[in-house]
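# Topology and contacts: notes
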Amino acid sequence: MSAPLSTQTYSLPEDLQQAVNATLEDWRTNNKVKKLWAKDATLWTNADESHWLGWLDMTETQLATIAHLTGIADEIKREGFSHALLLGMGGSSLCPEVMKLTFGKQADFPDLYVLDSTDPAQIKTVEGKVDVANCIFIVSSKSGSTLEPNIFKQYFFERVKQTLGADQAGSRFIAITDPNSQMQRVAEGDNFRHIFFGLPSIGGRYSALSDFGMVPAAVMGADVPRFLASTKRMVDACKADEPLDNPGVVLGAILGTLANHGRDKLTIIASPAIADLGAWLEQLLAESTGKEGKGIIPVDREHLGGLQDYGHDRVFAYLRLDSAPNELQDTAIDALEHAGHPVVRIALADVYDLGQEFFRWEIATAVAGAVIGINPFNQPDVEASKIVTKELTSAYEATGALPAEEALLNEDGIKLFTDQKNAARLKQAVGDDQTLFGYIKAHLDSAVAGDYIAFLAYVEMNDAHEALMQTPRHQVRDNKRLATCLGFGPRFLHSTGQAYKGGPNSGVFLQITADDAEDLPVPEQRYTFGIVKAAQARGDFQVLADRQRRALRVHLGADVSRGLEKLRAAIEQALV
């Protein structure tokens, strides 16, 4: 029996419903669905968009060539690997992470882990979870030149060589990359077990249904043929020329139109069993739409609050797994809808319908980009941050040190840093109260209605650290009635970082850094993983400052938990 199509309904205030109707009528009268499937760049900015639409046909291509996916699944199962470790960033890592956290470990297949952080503590944590001697490593990099996957590969290739010997190391590695990339050359030179190729016409964040998503899914033992067969139901539905009958186009029209009308904080609520889909949606939406001062700001992992906690800049997307719903979410979403907030409801019958959402939201994002009036396939501000990071790591290779910094404040082991313009703004606001509390209060008080506040933490991503930041995050939301975001660096650089730097200038950013209690070397480099992370944080901050963003960096020292506790207390005091 074929999988059912996941249902989609929505409720909008009358004025916004009329605006969305006008958008859909424009798409109908101007045959824009046909233009989308014809890969017509005039639908967007008439730049290079036509070169980035290979994802439209990927599901059918995968189903027609399914043998390479079933083949790698059979091979990995036969070999009996206990673990699989994917090394990647952004579009190369987020879909595999969703698959792992949604489907869990499959019987007779390796337990899949994902590494997408240069934080030394996080690398050591992940390394401690896998048996290096019985692990298959997947190095995933579209361009093949992205810094993080390359240094992850160097680190773990050395570990495998030390464990199994140089002659066996390559047989424990798989590469996923575009043809003729630097990673292909590395993989061939090191005799990798397999090289799987991406399609150059598919950008990283649209690559979930390509080999970047489906090879790791096959390696971990997901039923990929079933997954793709369900996905095809949504692909077929999104080919409908009539916009009202096209679920992806309807969703994109809602998101783009509401963003143009000031409802640009897309708040993602997902049933607990599919909650990690939000991290994938964050990247797709933020990196695709957040540019030229426009865009959608996705809000993920924000706990549902009361009606009084939300401003008039929100739209709620509720992804409900009908086989495992959450009653509290149902009740809260009902209340938001009855109060007049825009709400989109999507109901999945089964976790194997997750692929339908990958495709629905890819279509919706492309459509929203057209409605907003931007190119949804580039990421100019992500590249700007990478350039600054490269300059800093190159300087370290040459001199053995990162450039010196001058702190705005040093109080009980916590230091504050910012650029000259933000420093002048904050000093004027604090007056004589030049304390941690004073500066945090002044920074948070700069936010006004329609703004959002983002916590950007360059520390190990774990439950304890997240809990220490979720508490002040929600205190800020409830006190100021503003949307809040929480991202762990450097992974968010390849995700929401684009919207923070290139989207609407409505963000107030609190960047959090720390000293590394223990660092790790990068083989064949002078710099360490800790230096790379520090350079990424500085590059991120510099571009935020260059884009005239309100940004303050809090440096915690080496005791991260203690530092986060002190920051939490300062935020709590600032909100009184």
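Above: the structure in question.
The shown structure was predicted, so the numbers you read here are calculated from the model rather than taken from an experiment.

### Points about the environment of Pro380
Within the secondary structure layout, Pro380 lies in helix α16 (residues 380-399). Placed 271 residues apart in sequence, Pro380 and Phe109 show a C-alpha to C-alpha distance of 39 Å.

### Details of the environment of Val508
Following the sequence through the fold, Val508 ends up in strand β15 (residues 507-513). Judged by its relative accessible area of 1%, Val508 is buried. When the C-alpha positions of Val508 and Pro380 are compared, they lie 21 Å apart, and in sequence the two are 128 residues distant. Other than its neighbours up to four places away in sequence, Val508 contacts His443, Ser446, Ala447, Tyr452, Ile453, Ala454 and Arg550.

### Focus on the pattern of salt bridges
For side chains of opposite charge, pairing can occur when their charged atoms come near one another. Throughout the structure, instances matching the rule amount to 45 salt bridges. Taking the shortest distance from any N to any O, the salt bridge between Arg301 and Glu466 comes out at 2.8 Å. Placement of the pair is Arg301 in the loop between β8 (297-299) and β9 (314-321) and Glu466 in helix α19 (residues 463-480), with a sequence separation of 165 residues. According to the relative accessible area criterion, Glu466 is buried, its value standing at 16%. As a salt-bridge pair, Asp381 and Arg547 come within 2.8 Å of each other at their nearest N and O atoms. Placement of Asp381 in helix α16 and of Arg547 in the loop between α21 (529-546) and β16 (550-555) is noted, with a sequence separation of 166 residues between them. Overall, the relative accessible area of 29% leaves Arg547 in the partly exposed class.

### Details of the sheet that holds strand β14 (residues 483-488)
Hydrogen bonding along the main chain pairs the strands of a sheet, whether they run parallel or antiparallel. The strand order β11-β12-β16-β15-β13-β14 describes an open sheet built from six strands, whose pairing is mixed. The open sheet has two free edges, formed respectively by β11 (409-411) and β14, since each of these has just one partner strand. Averaged over all neighbouring strand pairs, the angle between strand axes comes to 15°, with direction disregarded. With three bridges joining them, strand β12 (residues 414-417) and β16 adopt antiparallel strand pairing. By the bridge assignment, Lys415 is partnered in β16 with His555.

### Some words on the sheet that holds β8
Strand order in this open sheet of five strands is β1-β10-β9-β7-β8, and the pairing throughout is mixed. Strands with a single pairing partner mark the edges of an open sheet, and in this sheet they are β1 (7-11) and β8. The sheet shows a mean angle of 20° between the axes of neighbouring strands, taken without regard to direction. As paired strands, β9 and strand β10 (residues 343-348) are joined by six bridges and run parallel to one another. Along β10, the bridge assignment pairs Leu319 with Ile346.

### Digging into empty space enclosed by the protein
Under the criterion given, the structure shown has two cavities of 30 Å³ or more. The space that makes up the largest cavity amounts to roughly 150 Å³. Around the largest cavity, the lining is made up of 16 residues, and of these Glu282, Phe488, Arg491, Phe492 and Ser495 lie nearest the centre. Broken down by secondary-structure element, the contributors of at least two residues to the lining of the largest cavity are α13 (277-289) and β14. Counting residues per element, the lining of the largest cavity draws most heavily on β14, at three residues.

Each value, and the rule that gives it
Residues numbered from 1 in each chain as written. Predicted model: local features only at pLDDT ≥ 70, side-chain atom pairs only at ≥ 80, totals over all residues. Heavy atoms only, no water. Helix = DSSP H or I, 4+ residues; strand = E, 2+ residues; numbered from the N terminus. Buried < 20%, exposed > 50% of the residue type's maximum accessible area, 1.4 Å probe, protein only. Contact = heavy atoms within 4.5 Å. Salt bridge = Lys/Arg side-chain N within 4 Å of Asp/Glu carboxyl O. Pairing = 2+ DSSP bridges. Axes fitted to C-alpha atoms, helices over the stretch in contact; angles between N-to-C directions. 1 Å grid on protein atoms, 1.4 Å probe; cavity = no way out; pocket = protein on both sides within 12 Å on 5 of 7 lines; lining within 4 Å. Points joined across faces, edges and corners; volume = space filled by probe spheres on them.

By themselves, these figures tell us nothing about what the structure is for.
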